Structures are given as C-alpha cells and as structure tokens.
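One-letter residues, chain by chain:
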Amino acid sequence: MDVDTRLLRYFVAVAEEGSLTRAAQRLFVSQPALTKQVRQLETQLGVRLFTRSRTGMAVTEAGRALADRVPALLAGWDRTLRATKAAASRAQRVLRVGFVASAANEATPRIVAEFARRRPGWRIEMRQATWSDPSAGLADAEVEVALVRLPFPGQDAVRVAALFSEPRCVALADAHRLAAHEVIPFHELWDEPFVAAPPETGRWRDYWLAADEREGHPVRIGAVTDQPDDWLTAIANGYGIALAPESASRFYARPGITYRPVTGVSPSQVGVAWAPADDANPVVSDFVQCCLDGLGASGGPDAGNGPAGEGGRVR
C-alpha cells in the first residue's frame, strides 16, 4: 500500500497537538482541508486513528502505534530525498533556489552574481513557486534553499534567516473608488472583496488578508488565485483588491492596476530558508552568506545555528 507522506505529516501534527484547530494553525492549512486529509488516511489504512470529541482529537490504539513510528519514517525519507537530489545538484554544479513572487527584489541579481564569484563553475537555477507552496519548494526538497515571505507553512521545521522587511500596500483596479487616494487606511478596505490565495494555504492566506488586523471584521473573498498573472487579472477586472509587498508596484506593474500605501497593517518580511540537513553544506552556506551580505541582514532572533554561523530560526 502506498500512502502519501503529506497525509502522514498531517496525521502527526494532529496526534501531537490533540486538536484539529491547533494542528491546522501549525501546518498553515485550513481546518476543513486538514479534516479531509485525516479522513482520507483513515480510509486508506482501513482503521480509525482518532476519536473525535468536543475536547479534541484523542489518538486510538491504532493511531498510537502509527504515531510512534511515523516521525522516524518521515525523517528518514526526508534525509534520503534531500541526499539524492543534492547529489544530482552537486554532479551538475547547480544550486536550486526557490522563490515566491519577487524573491529578494532588486537584490536578487546581486546575490546571484556574488554566488557566481564565490563558486566559479556553479550556477543558480531559480524556480518560482505558486502561492499554494509558500515554502517555494523547500518543504518537498525540490530546492536546496528558498527566498520566502514570512510566515510560511512548515517554517518551524527549517532554518530561516531574516533578510529585510517592507511595507504592505494595496493593489486595486484603476477605476476603484479609492484608487485616487495617496494613502489608504486599512479600515477603509474592510468591506471590500479581496483576491485571496487558495484556502488550503491556511494562515499564509490569512496573513495576506490581514485577518488578524481587522478587529474581528469578517473577510470578503471576491476571487481565489494561485499565480501572479491570475491575481493581476482578477484585480484589474474588479473582482477584488489585494494586499501586496510594496515591491509589487515595481515587479507587477500593469495597466489597469493601481498600488497605494496602506496604514494599519504590519510589514512583510523576507527571509532565506534551508533544511537543517544542509547546515554543513558549504554551497548552501555560501548562498545564505551572499544573501546576508548583500542585504545587510543580521539573521533572526536565534542567529548562530545555521550556515556561516549567522542564520537561525525565525518564528
């Protein structure tokens, strides 16, 4: 029987948290999506893994047997997968770098050039991820290192060094009633429909809807998109507005769309992330150092545990 490792990861989170709500928050997925995945795993295995009650999710005897063994299984699989792909990259002298949206903005070419100087004969392969994968391929070992927007799903399981912050702005159609305003207070946008990321991205989606900064005001969803082009089209066509990094006004300028500064929302933070298994990888270390040097970052609050003794975990 073949079981998707993603289902096993979801199972472990629920078993450890004892709550679908807390597990969904930890995984950055919606609770309905998580419930569906747990039920799918139970169906595939033909056993009941949890007893559901008002107090939470109690692991059954069969669930405990699985929970005792799955973490080691997943850790072993992660090491095997990363080692296999890393070997292929070393043979080709290629570093795979994932990124979301505009990556490190204008600094990206400078980072790539500095890496080429440090690693003659190596090249960087940039891979843009969809918004349904905010880890930019790092979670599935599709890349060795990623330029990400914080927070993102699975952040606690990897190393993250903070690089810089930038304000969030709002993108709206030129014809929108607020498009002529120089600055827009966020509370004036609360009743507007928003263009959102897919629901399964959980807290990532909530962050870009500023769900925690609405003083309890409900979010209205006008459209759901997974790609920058679709996102821009939905906004230009008036299906909704969207919060975006300030740099989006430069990287995603498009006729029919206006970007305006917004007050009352927290800034967006950019980081470079890598797997703990690559702490001693000198190529990953060099890339992370290029990011830190090129952007003048100091790492995160736990700096000192990653490559080059700088990048730590940012929680």
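Up top you'll find the structure we're talking about.
Reference entry: report on the structure contained in this document. All values reported here derive from a predicted model rather than from experimental measurement.

About the thresholds
- Residues numbered from 1 in each chain as written.
- Predicted model: local features only at pLDDT ≥ 70, side-chain atom pairs only at ≥ 80, totals over all residues.
- Heavy atoms only, no water.
- Pairing = 2+ DSSP bridges.
- Helix = DSSP H or I, 4+ residues; strand = E, 2+ residues; numbered from the N terminus.
- Salt bridge = Lys/Arg side-chain N within 4 Å of Asp/Glu carboxyl O.
- Axes fitted to C-alpha atoms, helices over the stretch in contact; angles between N-to-C directions.
- Contact = heavy atoms within 4.5 Å.

As for the sheet that holds strand β8 (residues 184-185)
Consider a sheet: its strands pair through backbone hydrogen bonds, and that pairing is either parallel or antiparallel.
Here comes step 1: Here we have four strands laid out as an open sheet, ordered β8-β12-β7-β11, and mixed in their pairing. Two strands bound the open sheet, and with one partner strand each, they are β8 and β11 (242-245).

Focus on the pattern of salt bridges
Here comes step 1: Taken as a whole and judged by the stated rule, the model has 15 salt bridges.
Here comes step 2: E106 is the salt-bridge partner of R250, the closest N and O atoms lying 2.5 Å from each other. Here R250 is found in helix α8 (residues 248-251), whereas its partner E106 is found in the loop between β3 (94-100) and α5 (108-118), with 144 residues between them in sequence.
Here comes step 3: For the salt bridge of R118 with E114, the shortest nitrogen-to-oxygen distance reads 3.0 Å. A residue pair is termed a helical-turn pair when its members lie 3 or 4 positions apart in one helix, as R118 and E114 do in helix α5 at four residues.
Here comes step 4: A single network of salt bridges, built from pairs that share partners, joins E114, R117, R118 and D293.

Re the sheet that holds strand β13 (residues 268-274)
Here comes step 1: Here five strands make up an open sheet; going across it, the order is β4-β3-β5-β13-β6 and the pairing mixed. A single partner strand is all that each edge strand has here, and the edge strands are β4 (123-129) and β6 (159-166). Sheet twist, expressed as the mean angle between neighbouring strand axes with direction ignored, is 25 degrees.
Here comes step 2: Two strands pair when backbone bridges link them, and strand β5 (residues 145-150) and β13 are joined in this way by six bridges, in the antiparallel orientation. Within β13, the residue paired with V145 across the bridge is W274.
Here comes step 3: Helix-sheet contacts for helix α9 (residues 282-295) involve β3, β4, β5, β6 and β13, and the interaxial angle to β6 is about 20 degrees.

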